[in-house]
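Structure assessment
Each chain is listed here by its residues.
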Amino acid sequence: MLSTKSAADRAESVAACFREKFAADPQLWARAPGRVDLMGSHTDYNLGFVLTLPIGPDTWIAARRRDDGVVCVHSMNLDASDEFRLDAIESVSASRWCNYVRGVAAILQNEGLALTGCDAIIHSTVPVAAGLSSSAALECALATVFSGFGGWSLAPERKALLCQKAENEFVGVKCGILDQFSSCLGRAGCALLLDCRDLSTRAVRIAPDIRAVVCNTMSPRRLSGGEYAQRRAECEQGAAALGVSALRDVTPEMLAARRHELQEPVARRCAFIVAESARAESLAAALQAGDRTAVAHLCAESFAGARDLYEICSPAMAAMMEAMRAAPGVIGARQAGAGFGGCMVALVDAASTDAFGAAVGDTYHRATQVRPEVYPVEAAPGAELFDIEEITK
Ligand code: GLA
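What you see is a predicted model; the values in this text were computed from it and never measured.

**Description of the packing of aromatic side chains**
- All chains considered together, the criterion is met by six aromatic pairs.
- Relative to tyrosine 228, the ring of tyrosine 45 has its centre 5.4 Å away and its plane inclined at 70 degrees; by these criteria the two rings are edge-to-face. Of this pair, tyrosine 45 sits in the loop between strand E1 (28-39) and strand E2 (49-66) while tyrosine 228 sits in helix H6 (residues 225-241), and the two are 183 residues apart along the sequence.
- Look at tyrosine 228 and you get buried, because its relative accessible area is 11%.
- Their ring planes at 50 degrees and their centres at 5.1 Å tell us that tryptophan 60 and phenylalanine 386 sit as a pair that is tilted. Placement of the pair is tryptophan 60 in strand E2 and phenylalanine 386 in strand E12 (residues 384-386), with a sequence separation of 326 residues.
- Among the residues examined, phenylalanine 386 registers a relative accessible area of 15% and is labelled buried.
- Aromatic rings pair up to connect Trp29, Trp60 and Phe386 into one cluster.
- The side chain of arginine 10 reaches across the aromatic face of tryptophan 60, ending 4.0 Å from its centre.
- Seen from the ring of tyrosine 310, arginine 231 lies directly overhead, with NZ or CZ sitting 6.0 Å from the centre.

Okay, here's the thing in structure tokens:
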């Protein structure tokens, strides 16, 4: 499987694909990571806090400049290609991944940034539709390629905002800023506490004896622009009823005093977001201090809220939660991404990571007849150009 290849093998297969498609060698390589959120489900579009971990699984793009204003990309994962002219970028209805590529190009150009055409091969180890931000990794890697050829650079915050704009306006998905910020601002060895109002980030060093483990239910996230947009609208209704511009402005005390003014399900949604944003800050402190009791408690509250208040859990997620909870070495476990299937995340005693993975695999398989993918993840750096010689030597 491509995703288990070593970096050198991966580089070789991407370069070989490039030569086969374009009869030349790539001149430039970019990468951008996926992410798993450790706390803060759906808090980003409410301008609250998220604790996020940019992770090792990432998207690579190998590219070569063209001087005719044409962009020609090929995805190794999908075995599909797309070609368009930079002076006539239109969205395509048939395949969504093309719109991520076209959208980034269109939005960067609209900002007045000079783009050159290119041939490019895309290869990703971020699973698609699993809640680990494969689309943001693609967008941010591609923006990095264009900046490499264009001779300009963007601050990581601005790059993230432009990629989000591409997804919001060109692809038509009204996501928050979490995914693109995680992919652009990652730092090796650190989780990030992101304040989605002022867009500041704080690096959080997780205690060395605690490891984050991704547990993929293998049940594709049914995201459902519909459910996501509905949650977003309910939060906006709640904020309007409470007379604030975003739920970020609502404290737990204020909500307790005024919850009766809200109708259901808006009241439940608001209760989740207000508590979840506070938990993101608390989990940052607990993980840094290695406070396992607090980690366990915060994760349990987060999952219960996602299930009962925000209602983003699926049967596969419930089965995975049971498996994670029962496995040796588990400290805390909860949902990740938007919910509705996809990946979940556990915080595990570092020395028990293998035993945890084996037990989760068996229990989940017994309950669902599906083999999950379970793997520890390390904090990875954000979107960047990289030197392929360093990897292959
Ligand atoms: C998706 C969106 C993010 C965020 C999460 C839920 O990943 O793209 O902006 O809202 O869901 O936290």
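**Re the side chain of asparagine 216**
- Residue position: asparagine 216 is located in strand E8 (residues 210-216).
- A polar contact of 2.8 Å, which involves the side chain of asparagine 216, links it to the backbone nitrogen of methionine 218.
- Not counting residues up to four positions away in its chain, the partners in contact with asparagine 216 are Pro127, Ala130, Met320, Gly342, Cys343, Pro372 and Glu373.

**Here's the deal with the pairing of E2**
- In terms of burial, E2 is largely enclosed, as 14 of its 18 residues are buried.
- Of the strand pairs in this sheet, E1 and E2 are connected by eleven bridges, and their pairing is antiparallel. Directly across from aspartate 37, in E2, lies its bridge partner threonine 52.
- With four bridges connecting them, E2 and strand E6 (residues 191-195) associate as antiparallel partners. In the sheet register, leucine 51 faces E6, and the bridge partner there is leucine 193.

**Things to note about the environment of leucine 283**
- Note that leucine 283 resides in helix H8 (residues 266-289).
- Looking at leucine 283, the relative accessible area reads 0%, which means it is buried.
- On a C-alpha basis, the gap between leucine 283 and valine 50 in space is 9.8 Å, while along the polypeptide they are 233 residues apart.

Rules used throughout
- Residues numbered from 1 in each chain as written.
- Predicted model: local features only at pLDDT ≥ 70, side-chain atom pairs only at ≥ 80, totals over all residues.
- Heavy atoms only, no water.
- Phe/Tyr/Trp six-rings, centres within 6.5 Å; stacked < 30°, edge-to-face > 60°.
- Helix = DSSP H or I, 4+ residues; strand = E, 2+ residues; numbered from the N terminus.
- Buried < 20%, exposed > 50% of the residue type's maximum accessible area, 1.4 Å probe, protein only.
- Lys NZ or Arg CZ within 6 Å of the ring centre and 35° of its normal.
- Polar contact = N/O pair within 3.5 Å; in protein donor to acceptor, adjacent residues only side chain to side chain.
- Contact = heavy atoms within 4.5 Å.
- Pairing = 2+ DSSP bridges.

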